[in-house]
Amino acid sequence: MNLAILGPQGSGKGTQAQRLADNYQLLRLETGKILREMAESDNPDAEEIKKTMLDGKLVSDNTLQKIIEERIESNSGSGIIFDGTPRNLIQYELIKNILKKRGENLDKVIYLEIPEETTIERLSTRRTCERCNRIYNLHTNPPPTPEKCECGGNLRQRSDDTPEAIAKRLNEYRQATVPVLISAKAEGKLVEINGTKSINEVYDEITKMLNLN
Ligand SMILES: [Zn+2]
């Protein structure tokens with residue numbers, strides 16, 4: 001089973017992706033995280049990736065393809081869950097082609113829908129640990145204290161998590177992603193989920209829609 005999970009920032013897709021990966025032995029392919037790690041490594045592509053990310057752009061299709069193929073190659077699980085990709089129609093076709101070459105399909109595209117106000121509300125109360133990068137939410141997933149992580153590290157709010165910056169990112173995200181959703185729907189692959197409910201309710205809804213329970 002190969003899945004992709006998409007949704008605007010704050011939709012909780014990372015949490016759901018990890019749960020699905022754990023419970024169904026899927027490789028969670030979080031390309032954003034892989035790219036951040038590569039940018040900090042001595043990888044030959046590190047400089048290019050770093051620059052692209054600083055500019056707020058998407059990495060080249062070649063780089064994305066390389067990353068995905070390398071990770072899939074060594075995967076011994078029973079499938080993959082793409083977390084946060086595809087970000088646009090080109091990446092969607094790319095992922096489908098990579099899987100096709102392996103005689104596989106992208107089976108379902110899960111979309112966690114939340115209203116813009118929810119994204120803004122969730123992101124502005126988000127805090128990240130400087131030491132271990134753990135992400136908390138002051139309301140839904142609170143840290144031991146508003147300033148400290150469980151590991152003792154200091155918590156920070158991302159400087160680009162202002163309501164204006166969030167609204168701008170959301171708009172860009174939607175423009176790029178809507179064509180993916182339209183395409184996935186036409187192919188009978190789209191699973192739309194209301195992402196405003198609790199983590200458990202959203203998870204139950206996903207497994208129900210995928211006929212996993
Ligand atoms: Zn920490």
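Presented here is an overview of the structure given in this document.

The rules behind these values
- Residues numbered from 1 in each chain as written.
- Predicted model: local features only at pLDDT ≥ 70, side-chain atom pairs only at ≥ 80, totals over all residues.
- Helix = DSSP H or I, 4+ residues; strand = E, 2+ residues; numbered from the N terminus.
- Pairing = 2+ DSSP bridges.
- Axes fitted to C-alpha atoms, helices over the stretch in contact; angles between N-to-C directions.
- Contact = placed C-beta atoms within 7 Å.

**As for unusual backbone geometry**
Step number 1: Following Thr85, the chain continues into Pro86 via a peptide bond in cis, with omega recorded as 0°.
Step number 2: With respect to the helices, strands and loops of the structure, Pro86 is situated in the loop between β3 (80-83) and α5 (89-101).
Step number 3: Even without being a glycine, Gln25 presents a positive backbone phi close to 50°.
Step number 4: You can see Gln25 is positioned in the loop between α1 (13-24) and β2 (27-29).
Step number 5: With a phi angle near 65°, Asn133 is a residue other than glycine that sits in the positive phi range.

**Details of the sheet that holds strand β8 (residues 190-194)**
Step number 1: Spatially, the five strands line up as an open sheet ordered β2-β3-β1-β4-β8, and their pairing is parallel. The sheet is open, and its two edges are formed by β2 and β8, each paired on a single side. Ignoring which end each strand starts from, the neighbouring axes of this sheet average 20° apart.
Step number 2: Here strand β4 (residues 108-113) runs beside β8; their pairing, made up of five bridges, is parallel. When the bridges of β8 are listed, Ile110 appears paired with Val191.
Step number 3: Of the strands in this sheet, β1 (2-6), β2, β3 and β4 are in contact with α1, which crosses β3 at around 170°.

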